[in-house]
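# Structural overview for review
Residues per chain, in single letters:
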Amino acid sequence: MLDKRIKPSVIVKYLDQYVIGQDDAKKIVAVAVYSHYRKIDRAKQDSVEVAKSNVLLIGPSGTGKTLLCETLARILGVPFVTGDATSLAQTRYVNEEIEAILQRLVDKADGNVARAQNGIVFIDEIDKLKAVDGQPRSVSGESVQHALLKIMEGSQVKLANAQYIDTTNILFICGGAFVGLEEIMSGSQTYGFISASDSDNQNILNRLNARVKPTDLFQYGLIPEFTGRLPIIARFRDLTREMLVRILVEPRNCIYNQFMDIFRNEGVELSVERKTFEQIADIALEYKTGARSLRGIFEELITPILFAVPDDPGIRKVEIASLFTDPRYIRNSK
Ligand SMILES: Nc1ncnc2c1ncn2[C@@H]1O[C@H](COP(=O)(O)OP(=O)(O)OP(=O)(O)O)[C@@H](O)[C@H]1O
Ligand SMILES: [Mg+2]
């Protein structure tokens with residue numbers, strides 16, 4: 001079902017074109033997805049039971065979790081939808097909401113249920129389902145976990161038009177920021193004691209210690225059955241200033257390229273100096289929303305220019321040297 005040429009390394013190379021940094025997460029997800037689709041292939045041939053390895057993405061907001069999943073679905077050519085755990089927790093009709101998500105998956109597959117059954121479902125904000133004692137949300141949070149559990153395991157779900165969709169081979173990727181998980185983890189470093197015996201293994205030990213354990217998630221408030229269904233955990237890191245600059249200028253569809261395109265359509269060349277992007281990155285760092293605020297800051301800079309340019313057909317080029325100086329307009333010399 002999956003093109004044999006799409007190996008984990010190929011997946012990572014493709015992701016690299018759109019997602020900056022997050023190298024560990026890319027590798028983990030690439031291998032997980034590759035294994036998942038290979039298992040389905042093998043199961044078809046040998047009719048062995050597929051043990052599913054759903055994936056959990058943990059990391060701060062705006063660091064590329066959703067972007068990575070979307071990009072992934074594109075290279076795999078499988079239908080992909082996202083759902084939001086918070087809205088699942090707020091409705092009284094969890095199962096209807098879940099059906100709606102699966103229905104959207106079928107829609108994405110142009111109504112082809114068989115194709116949808118090999119798709120990817122991304123459920124975001126899974127950390128908001130934590131069971132907190134004495135809070136009204138706890139009840140619904142837990143019941144949503146149970147409802148999700150059922151479809152992640154694989155079940156037949158009836159859709160609105162009386163069709164059934166089998167979720168057995170659907171890959172579920174869950175995501176969440178899990179604020180406060182670090183503190184829980186630092187209290188549970190199981191492997192620390194081995195480090196004394198052999199310093200060469202420090203790298204491996206660091207990796208093991210950086211691993212999120214099911215017990216950490218349990219302590220965080222996810223029920224054990226649920227964490228048990230998410231054996232693969234990939235962590236996303238805070239984006240550095242340098243990464244934010246790269247996000248502005250590097251990916252194929254990066255913000256800079258998009259705006260150069262817009263200006264080109266006006267017959268104008270846009271040229272922004274690196275310093276400007278660094279200043280934008282600095283502001284974005286202060287906002288603490290990952291890369292999410294980059295576009296807004298850039299647009300604020302560019303909007304007055306985009307407003308002025310169409311009125312002045314003589315302008316051939318716009319040069320921006322800094323966020324805090326006026327742009328330079330270069331006109332056709334007559
Ligand atoms: N690592 C990255 N590389 C390139 N662009 C990124 C990266 N991280 C974030 N972005 C940009 O920021 C936007 C928001 O990122 P995304 O939606 O993936 O965040 P998220 O990790 O899913 O956050 P949340 O937890 O709030 O859902 C993306 O659309 C993308 O433009
Ligand atoms: Mg997201």
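Just so you know, the residues in each chain are numbered from 1, in the order the chain's sequence is written. Ligands are numbered from 1 and chains lettered from A, in the order in which they are written. Where totals are concerned, whole chains, interfaces and linings use all residues; where local detail is concerned, this predicted model gives features only for residues with pLDDT of at least 70, and gives and counts side-chain atom pairs only at 80 or more. Just so you know, side-chain values use all the structure's heavy atoms and leave hydrogens and water out.

Attention shifts here to the pattern of salt bridges. Definition used for salt bridges: Asp or Glu carboxyl oxygen within 4 Å of a side-chain nitrogen of Lys or Arg. Taken as a whole, this structure holds 16 salt bridges when the rule is applied. Arg 229 serves as the salt-bridge partner of Glu 153, at 2.7 Å between the closest nitrogen and oxygen. In this pair, Glu 153 is assigned in helix H7 (residues 136-153) and Arg 229 in the loop between helix H11 (224-228) and strand E7 (232-235), connecting sequence segments 76 residues apart. Relative accessible area serves as the criterion here: at 47%, Glu 153 is assigned to the partly exposed category. We classify Arg 229 as partly exposed; its relative accessible area is 25%. Think of it this way: any DSSP run of H or I at least four residues long counts as a helix, any run of E at least two long counts as a strand, and we number them from the N terminus. Relative accessible area decides the class of each residue, using a 1.4 Å probe on protein chains only: under 20% of the type maximum gives buried, over 50% gives exposed, and in between gives partly exposed.

Strand order in the open sheet formed by 5 strands is E2-E3-E6-E1-E7, with parallel pairing between adjacent strands. Edge strands, defined here as strands with exactly one partner in the open sheet, are strand E2 (80-84) and E7. Within this sheet the neighbouring strands show an average axis-to-axis angle of 20 degrees, counted without direction. With 5 bridges connecting them, E2 and strand E3 (residues 120-124) associate as parallel partners. Along E3, the bridge assignment pairs Asp 84 with Asp 124. Should any heavy atoms of two residues lie within 4.5 Å, those residues are counted as being in contact. Every axis in this analysis is a line fitted to C-alpha atoms, fitted for helices over the stretch in contact. Angles between the N-to-C directions lie between 0 and 180 degrees. Docked against the sheet, helix H2 (residues 23-46) engages strand E1 (55-58), E3, strand E6 (171-176) and E7, running at close to 150 degrees with respect to E7. The sheet strands contacting helix H5 (residues 94-108) are E2 and E3, and the helix crosses E2 at an angle near 160 degrees. Any two strands between which DSSP finds at least two bridges are classified as paired.

This part covers the coordination of the magnesium ion (ligand 2). Ligating atoms shown are N, O and S within 2.8 Å of the metal, or 3.2 Å for Na, K and Ca, and water is not included, meaning a site may look less than complete. Summarising the metal site, the magnesium ion (ligand 2) is bound by the protein donors Thr 66 (OG1) and Asp 124 (OD), whose distances to it range over 2.0 to 2.5 Å. One end of the pair, Thr 66, is in helix H3 (residues 65-76); the other, Asp 124, is in strand E3, and 58 residues separate them in sequence. The exposure class of Asp 124 is partly exposed, given its relative accessible area of 21%.

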